[in-house]
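Observations on the three-dimensional arrangement
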Amino acid sequence: MGLFKRKPKAAAGNRPVPRHIAVIMDGNGRWAKKRGLPRQAGHKIGAETFRTIATYCKDIGVQYFTVYAFSTENWKRPQEEVDALMELFRKYLREAAETMFQRGVAVRVLGDLSPLPRDILELIRETGEIADTLGPDAATASLCINYGGRDEIKNAVRAIAEQVKGGALAPEDITEETIGAHLYTAHMPDPDLIIRPSGEVRISNFLLWQSAYAEYYFTDVLWPDFKTADMDAAIDAYNSRNRRFGGV
Ligand code: IPE
Ligand code: IPE
Ligand code: MG
């Protein structure tokens, strides 16, 4: 009775949308396993889903769409899978630079990019340049690659410590804004809604600082199966919540 499991797609565009939606793109491996395919096949379809959902978010007026594509912990995976993911980034960054640009979406990459292969770094630089031509008001789709929330905070602390050491900043002048300004997301608002598909109910080191007051939405749908109707359902759930930010 799958009919009743998913909310029917409401007319897109007439619901209020969060300003910033983030997604932990999970379940690619299980999607492939269910079909007797190699895990890489799931990553490939997952990458297609990213493109579809990022475009949909832009179309319905979401200003920032941020996805977790590769964590600082994902290097632990078999070399073959890591290589396949790097190959996908190569292919995608090249395509993203063109198709997403045509759709008016600025693609950005966030994370500690230093261990990435040189040619991927070059692609990321080119993607950034193309994104810049869309101007500061363009809808942004950010791919978090070699991203870890703790690693990000550690790097921010190091940078701030250097400023203090150099005498440019007094410890008592360090504010929450100082920390936020040293994160990869410095230029964007905190996520309003964080979606995790695949049935896992954990954060897995994603946007630890930025998610302080995010609303979470968990669904059993595997990321490669995630459709625009699933995004609508997540937004409807978000719209039904009462965000109090500690107030009454
Ligand atoms: C998410 O899918 C993609 C990455 C972490 C790169 P997974 O590969 O984690 O899929 P599952 O969780 O094994 O199904
Ligand atoms: C989180 O998924 C990272 C990404 C989606 C990129 P994982 O599959 O790596 O998370 P765990 O291991 O289930 O917590
Ligand atoms: Mg997973």
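Below, the structure is looked at part by part. Everything numeric here is computed off the predicted structure, so don't read it as measured data. (Residues numbered from 1 in each chain as written. Chains lettered and ligands numbered in written order. Predicted model: local features only at pLDDT ≥ 70, side-chain atom pairs only at ≥ 80, totals over all residues. Heavy atoms only, no water.)

Re the site of ligand 1
In the neighbourhood of ligand 1, 13 residues make up the surrounding shell, with M25, D26, R30, R39 and R77 lying closest. N28 is positioned with one of its backbone polar atoms (N or O) 3.1 Å from an oxygen atom of ligand 1. Taking R39, its side chain carries an N or O atom lying 2.8 Å from an oxygen atom of ligand 1. When residues of the shell around ligand 1 are traced back to their parent elements, those giving at least two are α1 (28–34), α2 (39–60) and α3 (79–102). (Near = heavy atom within 4 Å. Polar contact = N/O pair within 3.5 Å; in protein donor to acceptor, adjacent residues only side chain to side chain. Helix = DSSP H or I, 4+ residues; strand = E, 2+ residues; numbered from the N terminus.)

Examining the site of ligand 2
Taken together, the residues surrounding ligand 2 are I24, M25, D26, Y68, A69, F70, S71, N74, R77, R196, R202 and S204. Here an oxygen atom of ligand 2 and a side-chain polar atom of R196 are 3.3 Å apart. Between an oxygen atom of ligand 2 and a side-chain N or O atom of R202, the distance comes to 2.8 Å. Taking 390 Å² as the accessible area of ligand 2 by itself, protein coverage stands at 78%. (Areas by Shrake-Rupley, 256 points an atom, 1.4 Å probe, with all protein chains shown as cover.)

Brief notes about helix α4 (residues 118–133)
For α4, which comprises 16 residues, the first-to-last C-alpha distance of 23 Å matches the rise-based estimate of 22 Å (1.5 Å per residue) to within 8%. What α4 keeps buried is the set I120, L123, I124, T127, G128 and A131. Angular distribution of buried residues about the axis of α4 spans 140°; they occupy a single face of the element. Opposite the buried face of α4, at more than 90 degrees from it, the exposed residues are R118 and T133. Where α4 terminates, the next one or two residues include G135, which has phi positive at roughly 85°. (Expected span 1.5 Å × (residues − 1). Buried < 20%, exposed > 50% of the residue type's maximum accessible area, 1.4 Å probe, protein only. Arc of directions from axis to C-beta.)

As for the sheet that holds strand β2 (residues 64–71)
Spatially, six strands are ordered β3-β4-β2-β1-β5-β6 in an open sheet, and the strand pairing comes out parallel. Each edge of the sheet is formed by a strand with only one pairing partner; in this case those strands are β3 (105–110) and β6 (215–218). The sheet shows a mean angle of 20° between the axes of neighbouring strands, taken without regard to direction. With three bridges connecting them, strand β1 (residues 20–24) and strand β5 (residues 193–196) associate as parallel partners. Note that in β5 the partner of V23 across the bridge is I195. (Pairing = 2+ DSSP bridges. Axes fitted to C-alpha atoms, helices over the stretch in contact; angles between N-to-C directions.)

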